[in-house]
Amino acid sequence: MAGKSKSGGKSASSGSKSKSSGAKSGKTGAKPSKDDLLQYYRDMLQIRRFEEKAGQLYGMGLIGGFCHLYIGQEAVVIGMQSCLEDGDSVITTYRDHGHMLATGMDPKGVMAELTGRIDGYSKGKGGSMHMFSKDKGFYGGHGIVGANVPLGTGLAFAHKYREDGGVCLTYFGDGAANQGQVYEAFNMAALWDLPVVYVIENNKYGMGTSVARSSATTDLHKRGAAHGIDGQKIDGMNVLKVREAGIEAVAYAREKGPIILEMETYRYRGHSMSDPAKYRSKEEVSKMRDERDPIVQLRDIILKEKGIDEDGLKEIDKEVREIINAAAEFAQESPEPDPSELYTDILIEA
Amino acid sequence: MPIEVLMPALSPTMTEGNLAKWHKAEGDSVTSGDVLAEIETDKATMEVEAVDEGTMGKILVSEGTEAVAVNTPIALLLGEDEDKGALDGYEAKGVGGGSTDKDKAEPKDDKGDKEEKQAKDESTSEQKAPDGFAKPEAADPGPEPDYDGETHEITIREALRDAMAEEMRADDRVFLMGEEVAEYQGAYKVSQGLLDEFGPKRVIDTPITEHGFAGLGVGASMAGLRPIVEFMTWNFAMQAIDHIINSAAKTLYMAGGELGSPIVFRGPNGAASRVAAQHSQCYASWYAHCPGLKVVAPWSGMDAKGLLKAAIRDPNPIVVLEHEMLYGTKFEAPTDPDFVLPIGKAKIERKGSDVTITAFSRMVDVALAAAEELASDGIEAEVINLRTLRPLDTATIIDSVKKTNRIVTVEEGWPYAGIGSEIASVMMEAAFDWLDAPVTRVCGEDVPMPYAANLEALALPTPERVAKAVRSVSYAD
């Protein structure tokens, strides 16, 4: 796939950037082991349970404002994250809780940010769409549709500038794919061979408008063609297919330059909490849930092929539920930020 | 202990809703994600999904019930190992303050819940603006260090170039990007020679794509680099203003200090010559309006070098408003590569006792010319070069007005909500008792910049207009 037909008359000139890999299990490109599969299952389940809990806390008035849930799309971020190495960076838009958890951020800190408390990742000053962790290579969490694409391209620029061998995964949605700045970023990424994987999470609707109603061409993975950026469409409901494509794409980005992966995925919930989702049929939603749910798919593989029984998975379910309940409790017990926080973090004192 | 299913809030403003329909009956098994019920709000009908798993034990609010308050228990769910016996004598408790652990929730009726929620909301908003809570004063950058080192006469464009070159030599995280900055040597030749010294890795020609490269620069700064993003003119940065404000200025705050954007945006601002409305505009008040940014506007060679170097070293996003019409002007500038000016400090360029004139960028020339003219009439004006527009050095202005008791502000930008308006407010708040005349603004006329030479001249402040304003506040007409 990637890069075999990179056009534009420009050689992929970046030098060797290989760095030691395999520091973490499952990141070597080898076929994932049983333990890897269990890890993906656990990580996807953790996002699912986290989001369900967030929805519940929202319903209780403990989370305010906008709250965009990732339920249904878990395979995308867990599959892609499994392809990264230490030192790589990740940036996304506003449907971002899953990405935070996938990069290893603490569910307690994320949930406490959702409830607007001092122990949240942004001390309660950012909320659902604005959390960051330099330590985990997570650069947000951005609320302006499309804006994180040049930002992620800039993170990739920094990897190349520093020659640190890093790659930036820049996630955005089908809606953002129609923003002009995305193409400005594509152009510079291709022009300068920047190590970036653009992961388009095509969940079929930009808020309430379907891709077909908003996009003159609906094959979003081909949107880089004008800049010589190759792309591929991937079953984003299947974590193993995501991972397989991700490994190849990340390696390509690391060695050569930008690449696009369009993930066909689906969000079960509305765009945000207050969206009744009247623009799609109930049958459409239940068909995806019943036939293509990413967690159920992996669960079936584990049960059928890996010699794990229901009880083995129940242990994981229980562990995840405990983590999420603890996060929810933490997020309610953590105090609101002190009034003095109103005027902190505006500027760094030089 | 049964799990309570509560009436959810489905939007930030919802306080109650109608329970339109139950999808589960008592005795049905429930798994996470199952639709339990449909709720009607004033805007829409929404489905409520199960978070917890178990068996539907008891429906507490029957379908068709209207105006069910948020957080009212609407059903009881039996956990995996519970049988119906657990429902016997169980009293639904609801939730106050939102604990999910029902064991801890105090029993109370629904009305009590709602009242408590309101009380909590009120106390929250109260907490946000407590009595006597004042915003901290801007840190005093301290006095400008006396510079008695060597100087040489150079143009402003050379001073800016030298500032960048010196900082690039000192810090390899610093790089320059923008349109025509490298091979063309700068659209206005500000980056002359930088490509030769630093090479294409650090002096980067961008495509004509302000929105994109401003965002790319901010991303690189979040990763710890120190970009200098040149806009060919600030007029074109309107394409990029989302990244300047939303991505650069707000991130440190939204991140609770975890991550910021150490970046310099620079380029010529204000009125150029005979280029009409889209290429002649002052953005001072636009950027100075925004917390999270610092905004500087150099006039002299000292300013250009000292402020740009300070901006590059500063860990915050900084807007540097240069002036095309000053690029070729020669000033004495320090040769010392360690020379920087404090951001946030104005400079009194001419001492005077009768009236204070504030100006920045090219308008300092206009103010000084007016002061010369006024001196021949016996009016001694004190001319303050603001240098930094955010944070504004209000102390220097106030101290001057306490001496002169009158003030005229000068700027190229439009009067409405301009820098002069801000200074007028500061005077009202902090120097009212010292004023002997109304604060008076001399601004660009409130029109898009015309092309015709005579009209363009009419649209901009002149020494004559400034002198007239000074005579007016001095009651010397």
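Residues numbered from 1 in each chain as written. Chains lettered and ligands numbered in written order. Predicted model: local features only at pLDDT ≥ 70, side-chain atom pairs only at ≥ 80, totals over all residues. Heavy atoms only, no water.

Engineer: Where do I start with the overall build of chain B in this structure?
Structural biologist: Helices and strands together make up the secondary structure of chain B, namely 13 helices and 22 strands. Across the 477 residues in chain B, those meeting the buried criterion constitute 55%. Accessible area for chain B stands at about 19900 Å²; split by element, carbon and sulfur atoms hold 49% of it. (Helix = DSSP H or I, 4+ residues; strand = E, 2+ residues; numbered from the N terminus. Buried < 20%, exposed > 50% of the residue type's maximum accessible area, 1.4 Å probe, protein only. Areas by Shrake-Rupley, 256 points an atom, 1.4 Å probe, with all protein chains shown as cover.)

Engineer: Sorry, what's going on with the overall build of chain A here?
Structural biologist: Scanning chain A for helices and strands turns up 11 helices and seven strands. For a compact globule of 350 residues, the expected C-alpha radius of gyration is about 20 Å, and chain A comes in at 20 Å, within 12% of that figure. Along the first, second and third principal axes, the C-alpha atoms of chain A reach 60 × 60 × 45 Å. The 350 residues of chain A split such that 59% are buried. A separation of at least 24 residues holds for 76% of the contacts in chain A among residues at least 6 apart in sequence. Only carbon and sulfur atoms are counted for the fraction: they give 50% of the accessible area of chain A, which is about 12900 Å². One way to put it: in chain A the 45 positive side-chain charges average out to a point 4 Å from where the 50 negative ones average out. (Rg over C-alpha atoms; globule rule 2.2 N^0.38 Å. Contact = heavy atoms within 4.5 Å. Lys, Arg positive; Asp, Glu negative; His and termini not counted. Charge placed at Lys NZ, Arg CZ, Asp CG, Glu CD.)

Engineer: Where do I start with the interface of chain A and chain B in this structure?
Structural biologist: Accessible area lost when the parts come together is the quantity often used to give the size of an interface. Taken together, the contact between chain A and chain B spans 67 residues of the former and 81 residues of the latter. Where chain A abuts chain B, roughly 6000 Å² becomes buried across the two surfaces, and 60% of that area is made up of carbon and sulfur atoms. A salt bridge links Glu53(B) to Arg49(A), with the shortest nitrogen-to-oxygen separation between them at 4.0 Å. Put simply, chain A and chain B have 22 residue pairs in polar contact (both at pLDDT 80 or more) between them. Going through the elements one at a time, α1 (34-59), α5 (148-162), α6 (180-191), α9 (282-292) and α11 (310-333) of chain A are the ones with two or more residues in the side of chain A that touches chain B. If one sorts the elements of the side of chain A that touches chain B by residue count, α5(A) sits on top with nine residues. For the side of chain A that touches chain B, the residue count by class is 28 nonpolar, 16 polar and 23 charged. (Buried area = accessible area lost by both parts, 1.4 Å probe. Salt bridge = Lys/Arg side-chain N within 4 Å of Asp/Glu carboxyl O. Polar contact = N/O pair within 3.5 Å; in protein donor to acceptor, adjacent residues only side chain to side chain. Nonpolar A, V, L, I, M, F, W, Y, C, P; charged D, E, K, R; others polar.)

Engineer: Is there a simple way to think about the packing of aromatic side chains in this case?
Structural biologist: Two descriptors summarise a pair of aromatic rings, namely the distance from one centre to the other and the angle between the planes of the rings. Enumeration according to the criterion identifies 18 aromatic pairs over all chains in this entry. Between the aromatic rings of Tyr188(B) and Tyr327(B), the centroid separation amounts to 5.9 Å while the plane-to-plane angle is 45°, which identifies the pairing as tilted. Highlighted residues: Tyr188(B) in the loop between β10 (174-178) and α3 (194-198) and Tyr327(B) in the loop between β15 (318-322) and β16 (330-334), separated in sequence by 139 residues. Residue classification places Tyr327(B) among the buried positions, given a relative accessible area of 1%. Positioned above the aromatic ring of Tyr253(B) is the side chain of Lys125(A), whose terminal nitrogen or guanidinium carbon lies 4.3 Å from the ring centre. Across the ring face of Trp434(B), the terminal group of Lys402(B) is positioned such that the distance to the ring centre comes to 4.5 Å. (Phe/Tyr/Trp six-rings, centres within 6.5 Å; stacked < 30°, edge-to-face > 60°. Lys NZ or Arg CZ within 6 Å of the ring centre and 35° of its normal.)

Engineer: Looking at this structure, how should I read the environment of Thr55(B)?
Structural biologist: Residues and elements named next belong to chain B. Assignment of secondary structure puts threonine 55 in strand β6 (residues 54-59). In sequence terms threonine 55 and leucine 76 are 21 residues apart; their C-alpha atoms lie 8.8 Å from each other. Contact partners of threonine 55, with chain neighbours within four places excluded, come to Gly27, Asp28, Ser29, Val30, Leu76, Leu77 and Leu78.

Engineer: Mind showing me how you'd approach empty space enclosed by the protein here?
Structural biologist: Over the atoms rolls a probe the size of a water molecule, and in doing so it shows where empty space is left. Residue and element names in this part refer to chain B. Applying the stated criterion to the full structure yields five cavities of 30 Å³ or more. The volume enclosed by the largest cavity comes to roughly 120 Å³. Looking at the largest cavity, it is lined by 15 residues, and the ones nearest its centre are Ser280, Gln281, Glu412, Trp414 and Met449. Tallied by class, residues from the lining of the largest cavity come to eight nonpolar, five polar and two charged. In terms of lining residues, the second largest cavity is bounded by Asn269, Gly270, Cys282, His323, Phe360, Ser361, Arg362, Met363, Glu411 and Glu412. Looking at the lining of the second largest cavity residue by residue, the classes come out as three nonpolar, four polar and three charged. (1 Å grid on protein atoms, 1.4 Å probe; cavity = no way out; pocket = protein on both sides within 12 Å on 5 of 7 lines; lining within 4 Å. Points joined across faces, edges and corners; volume = space filled by probe spheres on them.)

Engineer: Sorry, what's going on with the sheet that holds strand β7 (residues 68-69) of chain B here?
Structural biologist: Pairing between the strands of a sheet is mediated by backbone hydrogen bonds and can be parallel or antiparallel. If you walk across this open sheet you meet the four strands as β5-β4-β2-β7 (chain B), and the pairing is antiparallel. The open sheet is flanked by β5 (45-49) and β7 of chain B, the only strands paired with a single partner. (Pairing = 2+ DSSP bridges.)

Engineer: Can you walk me through the pattern of salt bridges in this structure?
Structural biologist: A side chain of one charge can pair with a side chain of the opposite charge if their charged atoms are brought near each other. As enumerated under the stated definition, the model contains 43 salt bridges over all chains in all. For the salt bridge of Asp219(A) with Lys222(A), the shortest nitrogen-to-oxygen distance reads 3.4 Å. We classify Lys222(A) as exposed; its relative accessible area is 52%. Linked by salt bridges that have partners in common, Glu166(B), Glu167(B), Lys305(B), Lys309(B) and Arg313(B) make up one network.

Engineer: How should I be thinking about the environment of Val447(B) in this particular structure?
Structural biologist: All names here are of chain B. With respect to the element layout, valine 447 can be found in the loop between β22 (440-442) and α12 (453-459). As for valine 447 and asparagine 71, which are separated by 376 residues in sequence, their C-alpha atoms are 55 Å apart. In contact with valine 447, other than residues within four places in its own chain, are Trp414 and Ala459.

Engineer: Could you clarify how one ought to interpret the packing of helix α10 (residues 394-404) of chain B against helix α11 (residues 419-430) of chain B in this entry?
Structural biologist: Between two packed helices, both the angle of their axes relative to each other and the distance between the axes serve to describe the pair. Residue and element names in this part refer to chain B. For the pair α10 and α11, interaxial distance at closest approach is 11 Å and the crossing angle is 65°. In terms of crossing hand, the pair formed by α10 and α11 is right-handed. On α11, the residues that touch Thr394, Ile397, Ile398 and Val401 of α10 are Ile423, Val426, Met427 and Ala430. (Axes fitted to C-alpha atoms, helices over the stretch in contact; angles between N-to-C directions. Left-handed = near helix turned anticlockwise from the far one by under 90°.)

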